[in-house]
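# An overview of the molecular structure
Single-letter residue listing:
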Amino acid sequence: MQHPSERPNSSDLIRGRTTVGDFELTILSDGWYLGDGGAMFGVVPKPLWEKRALADDQNRVLLGLNTVVVRTGRHTVAIETGIGNKLSPKLRDIYAAKAQLPHAFAAAGIRPEEIDIVINSHLHFDHCGWNTTQTPDGRVVPTFPNARYFAHRGEVEHGHLQLERDAISYISDNYDPLVGSGQMTLLDTRPGETTPIVPGISVECFPGHTAQLLAVHVESPGLTSTAQHACYISDLIPTSAHLDITWVMGFDLDPIRCIAERKRFYARAIPEQWLVLFTHDHHAPFGHIALNDKGKPVLQI
Ligand SMILES: [Zn+2]
């Protein structure tokens, strides 16, 4: 594990490239951050999880913030937008947030103006932070001026409730200006349902982490590759250390539902050999999942 004070270098900014059929995928990072190990692994005892994720002296583990840019040939889609630059100094310090995503776009040669679709799996601040950018004079402007943004209506409504349990996770400047201007489309996808966004890209609702968590399916009709289906599963399975069906997070609003939804996900992702894209795995941003000889899901990179 890297030391928390270590600054990201350019190889940290682009976490990988791959193809899904004819689609090109580039995994960009907003910079790794540090999350509380206990919160990340819920009821799993530390002697078990620390074999997979080293903790620092404040019990924090290193986590990625992976934005996936998909070039389909017709559209340039950004899935998720990291933490952004709007955290309070206190939270920025707690998470050691780096606000690197604009540098990652530049390093990859992708201009924000090229993005025509942005999809947020949910609206916790570590998934939609660069939807908007706070300028030095305090204004909040869209980071992707030519994009249509998509998020679930229930996430916006939940954020507005500002409940004791998770008010801190919702920063309204990440979405309210876009809803107000009409630049964000709100989806009503119900649990288990799939909604098409553009050809080859759709979202499916997997409740549990939040009531309306959206996974993003990437399915290319191309004939050039055997890997034709990828899925950004977001916080249902945040890292490759969380593959066991019961290793759900303390953050999850409904951990029992998470377990059931993971089973539903594996029932297709494993036999159909989906490329699984992880939202918070800095070192293994994607891979295939298989069952080992004990029947447990394991990563195959
Ligand atoms: Zn998250």
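Right above here is the structure, for reference.
Note that this is a predicted model, so its numbers are computed, not measured.

Rules of the game
- Residues numbered from 1 in each chain as written.
- Predicted model: local features only at pLDDT ≥ 70, side-chain atom pairs only at ≥ 80, totals over all residues.
- Heavy atoms only, no water.
- Core = buried A, V, L, I, M, F, W, Y, C linked by side-chain atoms within 4.5 Å.
- Buried < 20%, exposed > 50% of the residue type's maximum accessible area, 1.4 Å probe, protein only.
- Contact = heavy atoms within 4.5 Å.
- Helix = DSSP H or I, 4+ residues; strand = E, 2+ residues; numbered from the N terminus.
- Polar contact = N/O pair within 3.5 Å; in protein donor to acceptor, adjacent residues only side chain to side chain.
- Phe/Tyr/Trp six-rings, centres within 6.5 Å; stacked < 30°, edge-to-face > 60°.
- Lys NZ or Arg CZ within 6 Å of the ring centre and 35° of its normal.

With 25 residues, the main nonpolar core has Leu25, Val70, Ile197, Ile201 and Val218 as its most contacted residues. Contacts of valine 70, omitting those with residues within four sequence positions, involve Phe23, Glu24, Leu25, His75, Thr76, Val77, Ile79, Ile201 and Val218. Membership of the second largest hydrophobic core comes to 24 residues, among which are Leu13, Ala78, Val118 and Tyr170.

Tracing the backbone shows threonine 279 in the loop between β16 (275–277) and β17 (286–291). Polar contacts involving the side chain of threonine 279 include one to the side chain of tyrosine 232, which spans 2.8 Å. With sequence-adjacent residues up to four places away left out, threonine 279 is seen in contact with Gly64, Leu65, Asn66, Glu80, His127, Tyr232, Ser234, Asp235 and Pro238.

Per the counting criterion, the structure on display carries eight aromatic pairs. Measuring from ring centre to ring centre gives 5.2 Å for phenylalanine 41 and tryptophan 49, while their planes differ by 10 degrees; the resulting arrangement is stacked. No difference in accessibility class separates phenylalanine 41 from tryptophan 49, as the two residues are buried. Grouped by ring-pair contacts, the aromatic residues Phe206, Phe265, Tyr266 and Trp274 constitute a single cluster. In this structure, arginine 52 is placed above the aromatic ring of tryptophan 247, and the distance from its NZ or CZ to the ring centre is 3.8 Å.

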